[in-house]
Amino acid sequence: MAEHGLQLPNFLLGAHNMAERAEIKEPAGGLKINCTAADNVNIAFYQNAVPIVRELAIENGTGRDLSELSVHLTAEPPFLTPAVSQIQYVADRAIHHIRSPDLKLDPAFLAGVTASRRAQLRIRVESAGETLIESAVELNLLPPSHWGGVNAAPELLAAFVRPTDPTIDVILREASGKLAAAGRHDAIDGYHKQTKARAWEIADAVWAALVSHSIAYVLPPKSFERSGQQIRGPSEILSRKVGTCLDLTLLYASCLEQAGLNPVLVLTEGHAFVGVWLVDEDFSSLVIDDPQMLRKRVQLDEMVLVETTILTGSNPGRFKQAVDAGAKLIAEEATSEFELAIDVKRARSAKIRPLDLSRSGEPTITPSGAPSVPNELGEIPKFEENLDKPREDVSERSLDRLEVWKRNLLDLTLRNRLLNFKDSKSTIGIECPDAAILEDKLSGGDRFKLLGRASVLDGSDGRDTALLAQRLQDDARKDFISDAMVRGELHTAVPETELEGRLTDLYRATRLAFEEGGANILYLCLGFLKWTPHDGAGPYRVPLILVPVQLERKSVRSGFRLALHEDEARFNPTLLQMLKQDFDLSIPELEGELPEDATGVDVAGIWKTIRRHIKSIKGWEVTEQVVLATLSFTKYLMWKDLVDRTEILKRNSVVRHLIDTPTHTCDGSGAAFVAEHTIDQVIDPAELFTPLSADSSQVARRAAWRRFRALRPAGHGQEPDYREYDHELPRSSKDGSFRVAKDCCARSRKTANAGDRSR
């Protein structure tokens with residue numbers, strides 16, 4: 001179709017977006033017409049070159065070849081110009097496709113439609129002036145101000161964002177006045193300053209300007225997001241002072257676009273609200289069908305979502321309250337199902353232009369006479385600016401043999417809870433509004449009493465959480481949990497009746513593991529990465545920051561308190577290695593010491609680093625959950641020895657040689673036996689550990705044996721007895737260093753065998 005040569009978005013091409021497939025068979029000959037057309041049509045289809053017919057096909061089942069066919073398309077009422085397509089030849093049992101038939105919509109007729117009405121698209125196939133078959137497809141003609149819903153070209157909703165409506169300029173003038181009254185730069189300059197704070201200021205000022213017009217909220221039609229609704233324009237909303245959630249969303253989006261910001265229209269089941277980019281960006285696609293993409297941008301402070309209904313009524317909320325409410329609407333636990341989002345900037349790039357429905361070039365309202373006051377605008381959050389500007393590459397550390405050993409000890413299979421974390425009776429979820437504050441308090445020496453699940457506003461106390469939040473413009477349950485943290489109390493997600501038993505089991509398991517292995521296995525997991533492997537399985541959960549903690553109690557009846565353990569907090573090392581090996585994704589910022597803030601680990605900064613690296617990976621997301629769990633995995637103690645006791649291990653000449661000079665002959669490997677009469681001068685008896693009594697000649701042989709036998713190539717006798725050099729290991733590392741040395745020697749023999757075979 002020449003007029004409709006625009007390539008459609010994939011979302012529009014889905015079967016659920018088109019109306020129906022008409023198939024009418026000729027009784028005598030078996031000729032069939034297949035047509036796929038749109039459910040609803042209005043002037044937005046004409047203005048944005050959206051075809052009403054996606055596919056038209058003629059199927060020949062007559063038992064003979066057909067030639068010189070003509071396909072005639074007309075409409076009743078005549079909302080399009082009649083069109084004819086010629087078909088030279090259609091073989092028997094063949095299907096001839098007419099792609100993008102040349103249908104020219106009549107803009108004058110469509111602009112004059114004042115109410116929804118039924119219409120027919122009529123299709124007639126002729127040969128030599130004889131009609132072979134006729135069919136008709138039913139559709140709806142909609143008024144210019146009617147949006148057809150997500151079932152009919154959903155991206156056309158962007159056409160109803162009308163920044164050129166004359167009333168929008170009045171709102172922007174008022175917004176400028178409110179900026180000036182607050183002592184801020186009064187220009188409406190979009191992203192000119194290239195800071196998130198400035199974009200927030202402008203969005204806040206526009207919000208305050210709309211609030212001053214005292215708009216009342218009216219309920220939208222049921223299931224409007226699918227079936228569509230009549231949309232009020234900016235002038236109509238502000239003059240009549242009423243609007244549905246979709247009306248208010250489009251009004252606010254129109255103001256934002258005219259102010260130089262990039263809005264996003266978001267639809268959930270039975271509701272609509274708006275997002276605004278704080279940076280000059282857009283999504284890679286026009287229609288977004290995954291709420292996770294929005295959540296990741298919100299978490300990176302690149303976008304905020306605004307619940308526009310909060311600006312209505314006698315007690316409207318502030319912009320910050322609307323932003324907090326908007327973020328909850330796309331949370332994983334949101335009650336309304338996510339439908340889609342439409343990026344207005346991307347829509348403009350796709351040539352979806354604003355509808356011009358204004359009957360007059362003059363605004364229908366005048367600027368509000370009420371003077372602006374300084375406190376109308378709220379405080380600007382502290383944003384980390386320039387996150388997406390080119391950064392200096394963080395050089396990756398060169399891997400020495402010790403680092404290679406450490407990484408080889410990590411289990412990278414899904415059997416490892418550090419890559420596939422699942423809730424169980426050995427895990428306890430913590431209700432924590434701000435994990436960074438919790439970590440800071442633990443680092444400062446605070447101890448927290450662990451309590452069961454809070455019953456306040458959980459649905460069991462007879463109060464409506466949503467209604468209370470709407471009236472107070474605040475999250476009362478979140479405030480309750482935060483106040484408890486200030487008092488030194490942590491509410492868990494476990495019922496009070498089960499909590500004591502679960503904590504006792506954790507306490508005993510942690511003590512037993514420490515007594516047997518010498519290592520703490522109880523961790524507070526701050527944040528999780530939800531990820532999917534290449535094969536599409538999952539999703540799986542991976543803990544991010546591992547803060548070692550301990551459970552304390554003064555007596556059996558006193559209850560448990562959570563305190564920080566003396567070990568250092570670490571980022572999940574297994575995750576870093578898995579990302580590098582399986583996804584070729586390196587995060588060098590987290591491979592060394594963890595970033596710190598004034599009082600401890602910079603939890604928010606670490607989460608933001610991960611989010612920045614994964615923001616373009618579909619299905620991956622950082623969640624801010626906090627879980628208390630025991631984490632022990634294969635060879636963990638050996639890995640911990642290598643991490644914590646590197647310098648102690650290097651005091652051992654065998655280990656030092658394996659790390660620093662593995663390709664050279666071990667110094668002293670060919671030395672003679674120590675003379676029996678000088679044994680006490682060469683080896684300090686205080687550092688000599690022997691399981692059995694031995695005389696000086698036996699000790700001399702053992703000393704020479706550990707210098708030579710451990711590095712001797714394979715094929716020269718039996719396997720070395722690792723107890724022969726166990727006496728060299730310091731007492732302080734006796735619990736794990738023996739295993740490390742044994743593993744190191746095993747790897748050395750394997751390397752030596754490979755070298756012998758290569759020669």
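So, here is what we can say about the structure in this document. In this text, all values refer to a predicted model and were calculated from it rather than measured experimentally. (Residues numbered from 1 in each chain as written. Predicted model: local features only at pLDDT ≥ 70, side-chain atom pairs only at ≥ 80, totals over all residues. Heavy atoms only, no water.)

Another aspect to go through is the overall build of the protein. Helix and strand content of the protein: 23 helices and 28 strands. Looking at the protein as a whole, 50% of its 759 residues qualify as buried. Sequence-distant contacts in the protein: of pairs separated by 6 or more residues, those separated by 24 or more amount to 71%. Carbon and sulfur atoms make up 48% of the accessible area of the protein, which amounts to about 36,000 Å² in all. (Helix = DSSP H or I, 4+ residues; strand = E, 2+ residues; numbered from the N terminus. Buried < 20%, exposed > 50% of the residue type's maximum accessible area, 1.4 Å probe, protein only. Contact = heavy atoms within 4.5 Å. Areas by Shrake-Rupley, 256 points an atom, 1.4 Å probe, with all protein chains shown as cover.)

Let us look at helix 8 (residues 291-299). Of all nine residues in helix 8, seven are buried, a share of seventy percent or more. Of all the positions in helix 8, only Pro291, Gln292, Leu294, Arg295, Lys296, Arg297 and Val298 are classed as buried. N-capping of helix 8 is provided by aspartate 290, with a side-chain oxygen placed 3.0 Å from the backbone N of glutamine 292. Positive backbone phi, at 60°, marks aspartate 301, one or two positions downstream of helix 8. (Polar contact = N/O pair within 3.5 Å; in protein donor to acceptor, adjacent residues only side chain to side chain.)

Take the sheet that holds strand 20 (residues 338-343) next. In spatial order, the strands read 18-20-16-17-19; together these five strands make up an open sheet with antiparallel pairing. Each edge of the open sheet is held by one strand with a lone partner, namely strand 18 (287-288) and strand 19 (303-306). Relative to strand 17 (residues 271-277), strand 16 (residues 263-268) runs antiparallel, the two being bridged by six bridges. Bridge pairing links proline 263 to valine 276 in strand 17. Sheet strands in contact with helix 8 are strand 16, strand 17, strand 18, strand 19 and strand 20, and its direction is about 115° off that of strand 19. (Pairing = 2+ DSSP bridges. Axes fitted to C-alpha atoms, helices over the stretch in contact; angles between N-to-C directions.)

This part is about the pattern of salt bridges. A complete count under the given rule lists 30 salt bridges for this structure. A salt bridge links glutamate 621 to arginine 295; the nearest nitrogen and oxygen atoms lie 2.4 Å apart. Linking glutamate 621 in strand 28 (residues 621-630) with arginine 295 in helix 8, this pair joins segments that are 326 residues apart in sequence. No difference in accessibility class separates glutamate 621 from arginine 295, as the two residues are buried. A salt bridge links glutamate 624 to arginine 611, with the shortest nitrogen-to-oxygen separation between them at 3.0 Å. Residue glutamate 624 is found in strand 28, and its partner arginine 611 is found in helix 17 (residues 603-614); the two are separated by 13 residues along the sequence. Taken together, the salt bridges that share partners define one network made up of Arg184, Asp189, Arg198 and Glu201. (Salt bridge = Lys/Arg side-chain N within 4 Å of Asp/Glu carboxyl O.)

Cis geometry marks the peptide bond from glutamate 76 to proline 77; its omega dihedral reads -5°. Note that proline 77 resides in the loop between strand 5 (66-76) and strand 6 (80-81). Its identity as a non-glycine residue notwithstanding, lysine 241 has a phi of 60°, on the positive side. Within the fold, lysine 241 resides in the loop between helix 6 (234-240) and strand 15 (242-243). Backbone geometry at lysine 351 places phi at a positive 70°, although glycine is not the residue there. Checked against the element boundaries, lysine 351 lands in the loop between helix 10 (344-349) and helix 11 (401-408).

Once that is clear, we can look at the side chain of aspartate 247. Position of aspartate 247 relative to the elements: it lies in helix 7 (residues 245-258). For aspartate 247, a relative accessible area of 0% gives the class buried. Dropping the residues within four chain positions of it, aspartate 247 is found in contact with Gln229, Gln230, Ile231, Arg232 and Ile237.

Without other data, these values stay purely geometric and don't point to any function.
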